[in-house]
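Analysis of the macromolecular model
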Amino acid sequence: MESKLKGRSFLSMLDFSTQEIAQVLETAKKLKSDHAACGVAPLERKTLAMIFQKPSLRTRVSFETGMTQLGGHAIYLAPSDISLGKRETTEDIATVLARYVDVIMARVFGHDIVEDLAKFSGVPVINGLSDYEHPCQILADFQTIIERKGKLEGLSACYIGDGNNVAHSLMHGAARMGMNMTVITPLSYEPVKDVTEQATSVAAETGATITVTNDIDAAAGADVLYTDAWASMGQEAEAEERREVFAEYRIDADTMRQAKDDAVILHCLPAHYGEEIDYDTSRLENSAIFDQAENRMHAQKALIVHVAG
Ligand code: CP
Ligand code: NVA
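Okay, so let's go over this structure.

Criteria and thresholds
Residues numbered from 1 in each chain as written. Chains lettered and ligands numbered in written order. Predicted model: local features only at pLDDT ≥ 70, side-chain atom pairs only at ≥ 80, totals over all residues. Heavy atoms only, no water. Buried < 20%, exposed > 50% of the residue type's maximum accessible area, 1.4 Å probe, protein only. Helix = DSSP H or I, 4+ residues; strand = E, 2+ residues; numbered from the N terminus. Pairing = 2+ DSSP bridges. Expected span 1.5 Å × (residues − 1). Arc of directions from axis to C-beta. Contact = heavy atoms within 4.5 Å. Near = heavy atom within 4 Å. Polar contact = N/O pair within 3.5 Å; in protein donor to acceptor, adjacent residues only side chain to side chain. Areas by Shrake-Rupley, 256 points an atom, 1.4 Å probe, with all protein chains shown as cover. Patch = residues over 30% accessible without salt bridge, like charges linked within 9 Å, V, L, I, M, F, W, Y side chains within 5 Å. Salt bridge = Lys/Arg side-chain N within 4 Å of Asp/Glu carboxyl O.

Moving on: the pairing of strand β9 (residues 264–267). Residues V264 and L266 line one face of β9 and the alternating positions I265 and H267 line the opposite face, and both faces are buried. The sheet contact formed by strand β8 (residues 224–227) and β9 spans four bridges and is parallel. Paired with L225 across the two strands is I265, which belongs to β9.

Before going further, it helps to spend a moment on helix α8 (residues 193–206). Here α8 is 14 residues long and its end C-alpha atoms lie 20 Å apart, about the 20 Å a rise of 1.5 Å per residue gives. Those residues of α8 that sit buried are V195, T196, A199, V202 and A203. Seen end-on, α8 carries its buried residues on one side only, within an arc spanning 140°. Facing away from the buried side of α8 by more than 90 degrees, the exposed set consists of K193, A204 and E205. Summarising the contacts, the buried residues of α8 are in contact with α7 (165–177) and β7 (210–213).

All right, on to the site of ligand 1 then. Around ligand 1, the surrounding shell consists of S56, L57, R58, T59, R107, H134, Q137, C268, L269 and R296. One nitrogen or oxygen atom from the side chain of H134 is found 2.9 Å from an oxygen atom belonging to ligand 1. Between ligand 1 and the protein, one listed contact pairs a nitrogen atom with a backbone N or O atom of C268 at 2.9 Å. Calculation on ligand 1 without its partners gives an accessible area of 260 Å², and the protein chains cover 96% of this total.

In this section: a nonpolar patch on the surface. Nonpolar side chains collect at one region of the surface, where Y273, Y279 and F290 lie side by side and expose about 320 Å² of accessible area between them. The topology assignment puts Y273 in the loop between β9 and α11 (279–282).

Rendered as structure tokens:
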């Protein structure tokens, strides 16, 4: 596929313009209804290297299956396989991988690692989650919201929980697409200041609003309700303390009463039922959590076709 995105890395929602994100989402929609929408095997003979420093179900399986469906091949590199930064430097890993593969996806701790992979490899690098951002998740989430609501622009989305990687990418993405975003966190667990400032400045161009608050009642009137784990991968030691601090910051029947009747419930998964969301709420008709998981594959296939097809 001849795309203007060819050769580009995707480390953050801010790496793509509003039009470029819309284009990827359009391709994702087409690929979901027709596997051959971009040709029978648009990634034939192409290889994706997948570097993992952290565990995964959705990211690994959706990327690997996606590559198979596109006629290409994916190689899973487990944390112990390459011991990034211990056995070998990021620079050398990036340089060597680029001699073999056409595109790299990495799930890492420090965001600087995906930045270095992109800097040193010269092939497109896709951020499969860093401590700072999770942009592939948000592409799938946006595809899901459009399926349920027909649009992103002008909607009011509300994220309740930790100001983490998912919240960051959601704020960047909402700002790009003109979706109003309220992030509700406990005191001291807000998104990092840089992200809020960047998102606010991008939102000013698209007419969206970005609000960060500790007020749990700010979910009133939301079209979209989103939550994620209170303790992310790498924060396991803080899980118990966070359970107390975050107790109120959850999606439950009370939150549903505040939001619009047809508010879409989103969660990137894995879920911790009884913590950030309860099981019954996660199974309401409003819930699109498994559509999000499915759309990871369609959205990422679209992304790969654009950057490496
Ligand atoms: N949502 C998500 O990224 O899931 P995994 O951690 O299972 O890949
Ligand atoms: N914030 C979570 C997302 C998991 C997909 C984490 O980083 O663990």
